[in-house]
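A look at the structure
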Amino acid sequence: MKKVLSIVLALALLCVTFAACAGNGTSSTSSASEESSAVSSESSAESESSASSEESTSTEKTKIGILAPAVTHGWVAGVAYYAEQRCKELSDTVDYKLYTSNNAEEMTSQIDDLKSWGAEAIVAFPQWEGMEVPIQEAIDDGIVVVNFDIEIAADGVYRVSGDNESMGVEGAKYIVDKIGTTGKVVVLDVPTSGSVAELRKKGFMDTIKEIAPDMEIVEYATQFTREAGQADFADILTSNDHIDAVYSMDDETSIGVLQAISEANRDDIKVITGGGGCQEYFNMMKENENIWIESSLYSPLMVKDAVDMALDVLAGKDVEPVKIISTTVVDRDNVDEYLDPENTVY
């Protein structure tokens, strides 16, 4: 009986021990599961936070300011037009503000506004004298400044410009290609434009001397406007009973020249050059079948390169401080590539 009782007690003790061990095992598993769940939740939170951060970073836009003179038509107006067009094309990554001004004081104030806005870069067309100091201050404040066309004395400024001398070279080549190495060419100089006309004239004269030394050259002064082109060329037509070609340095001047030719019913002139990139002038190229109309581009379209240069500098790319864009010749054969029906300013 004692043996039976002892066995029963031993079995009971064994059951209690197994139950305790089983209870401890369940508790351990549950605790591990909770810990794993917490880590997983923390990891998920970190992942969501990281994704949110990446999304926030990816939606940040580069802030660029555009400064241009306040005109509504012509070459200068085209600068603001094309700069804004480029910023709109890059709207996924670029936020911009466009300001136009009537003088240096107004443009200086606009630079201050762009600083307050947080502009990282400024593309400027500083036609006004006295812009060296405010532009230098913007550069010193860490803002990337790219000037369009105008060269000023500021350390660290970048610049995009066309090649004035090359325009003269291309104009000379075009005239010789169309009329040969002899004939009478009227050169319309614009002395009041300073280095612009000087370089264009130099390129033309040097090239003519080289490739057509027997060409007869007659020089007259005019202005970069269609009104001056028309009035001055009307007098030139009266003084010259025969002209083979006209070297004009500007599209607006050339529009006036064409009007004078039409009003005088002259059919001796076979070529007229231009410069700039005026849409109205482009449209005349195919309309006038009896005269070759050419433009050596010094286009405000180049300002798009200034916007791109600013972005490249901000991106840390290796950028040359000055970019000179080579001349492109436009005439009736390729003008369709340069027509922009949306451009009503130039």
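Residues numbered from 1 in each chain as written. Predicted model: local features only at pLDDT ≥ 70, side-chain atom pairs only at ≥ 80, totals over all residues. Heavy atoms only, no water.

This part takes up the overall build of the chain. In terms of regular secondary structure, the chain is built from 10 helices and 14 strands. Restricting to contacts in the chain with at least 6 residues of sequence separation, those with at least 24 account for 72%. For the chain, the computed accessible surface area is about 18000 Å², with 50% contributed by carbon and sulfur atoms. (Helix = DSSP H or I, 4+ residues; strand = E, 2+ residues; numbered from the N terminus. Contact = heavy atoms within 4.5 Å. Areas by Shrake-Rupley, 256 points an atom, 1.4 Å probe, with all protein chains shown as cover.)

Our next topic: the sheet that holds strand S14 (residues 329-330). In space, the three strands of this open sheet follow the order S10-S12-S14, with mixed pairing throughout. Of all strands in the sheet, those with a lone pairing partner are strand S10 (275-276) and S14, marking the two edges. In the sheet, strand S12 (residues 295-297) pairs with S14 via two bridges, with the strands oriented antiparallel. Along S14, the bridge assignment pairs Ser 295 with Val 330. Running over the sheet, helix H5 (residues 164-179) touches S10, S12 and S14 and is turned about 150° from S12. (Pairing = 2+ DSSP bridges. Axes fitted to C-alpha atoms, helices over the stretch in contact; angles between N-to-C directions.)

Moving on: the sheet that holds strand S8 (residues 245-248). In any sheet, the strands associate via hydrogen bonds between backbone groups, in a parallel or an antiparallel arrangement. Overall, parallel pairing links the five strands, which are arranged S7-S6-S8-S9-S11 in an open sheet. Bordering the open sheet on either side are strand S7 (216-221) and strand S11 (292-293), each of which pairs with just one other strand. Two strands pair when backbone bridges link them, and strand S6 (residues 184-189) and S8 are joined in this way by four bridges, in the parallel orientation. Each bridged residue has a counterpart across the sheet, and for Leu 188 the counterpart in S8 is Ser 248.

The interhelical angle for the contact between helix H7 (residues 226-239) and helix H8 (residues 251-263), taken along N-to-C directions, is 40°, at an axis separation of 7 Å. On the basis of their axis angle, the class for H7 and H8 is oblique. You can see that H7 and H8 cross each other, and the crossing is right-handed. Residue-level inspection shows Arg 226, Gly 229, Gln 230, Phe 233, Ala 234 and Leu 237 of H7 in contact with H8, the latter providing Glu 252, Thr 253, Ile 255, Gly 256, Val 257, Gln 259, Ala 260, Ile 261 and Glu 263. Considered class by class, the residues forming the contact of H7 with H8 number seven nonpolar, five polar and three charged. (Parallel < 35°, antiparallel > 145°, perpendicular 65-115°, else oblique. Left-handed = near helix turned anticlockwise from the far one by under 90°. Nonpolar A, V, L, I, M, F, W, Y, C, P; charged D, E, K, R; others polar.)

Over its 17 residues, helix H6 (residues 195-211) extends 24 Å from the first C-alpha to the last, a length consistent with the 24 Å expected when each residue adds 1.5 Å. Looking only at H6, the buried set comprises Ala 197, Arg 200, Gly 203, Phe 204, Thr 207 and Ile 208. The buried residues of H6 occupy one face: seen down the axis, they fall within an arc of 135°. Seen from the buried face of H6, the exposed residues on the opposite side, beyond 90 degrees, are Glu 198, Lys 209 and Glu 210. In this fold, the buried residues of H6 make contact with H5, S6, S7 and S8. (Expected span 1.5 Å × (residues − 1). Buried < 20%, exposed > 50% of the residue type's maximum accessible area, 1.4 Å probe, protein only. Arc of directions from axis to C-beta.)

As for its position among the elements, Ser 248 is in strand S8. According to the relative accessible area criterion, Ser 248 is buried, its value standing at 0%. The sequence separation of Ser 248 and Arg 200 amounts to 48 residues, and the corresponding C-alpha distance is 9.7 Å. There is a polar contact of 3.2 Å between the side chain of Ser 248 and the backbone oxygen of Asp 250. (Polar contact = N/O pair within 3.5 Å; in protein donor to acceptor, adjacent residues only side chain to side chain.)

On to the packing of helix H2 (residues 75-89) against helix H10 (residues 303-314), then. The contact between H2 and H10 brings their axes to 8 Å, and the two run at 45°. Here H10 runs oblique to H2, going by the angle between their axes. The crossing of H2 and H10 is right-handed. Between H2, through Val 79, Tyr 82, Ala 83, Gln 85, Arg 86, Cys 87 and Glu 89, and H10, the contact on the second element is made entirely by Val 303, Lys 304, Val 307 and Asp 308. Its residues placed into classes, the contact of H2 with H10 shows six nonpolar, one polar and four charged.

Here we take up the confidence of the model for the chain. On average, residues of the chain score 86 in pLDDT, and 83% of them are at 70 or above. In this model residues 1-58 is a low-confidence stretch, pLDDT under 50, and it forms zero contacts with partners more than four residues away in sequence or in other chains. (pLDDT = per-residue confidence, 0-100.)

Let's shift gears to the nonpolar core. Membership of the largest hydrophobic core comes to 56 residues, with the highest contact counts inside it found for Phe 233 and Tyr 281. Apart from the residues lying within four places of it in its own chain, the contact partners of Tyr 281 are Asp 251, Ser 254, Ile 255, Leu 258, Ile 272, Thr 273, Gly 274, Ile 293, Glu 294 and Ser 295. Membership of the second largest hydrophobic core comes to 18 residues, among which are Ile 122, Ile 139, Ile 143 and Ala 154. (Core = buried A, V, L, I, M, F, W, Y, C linked by side-chain atoms within 4.5 Å.)

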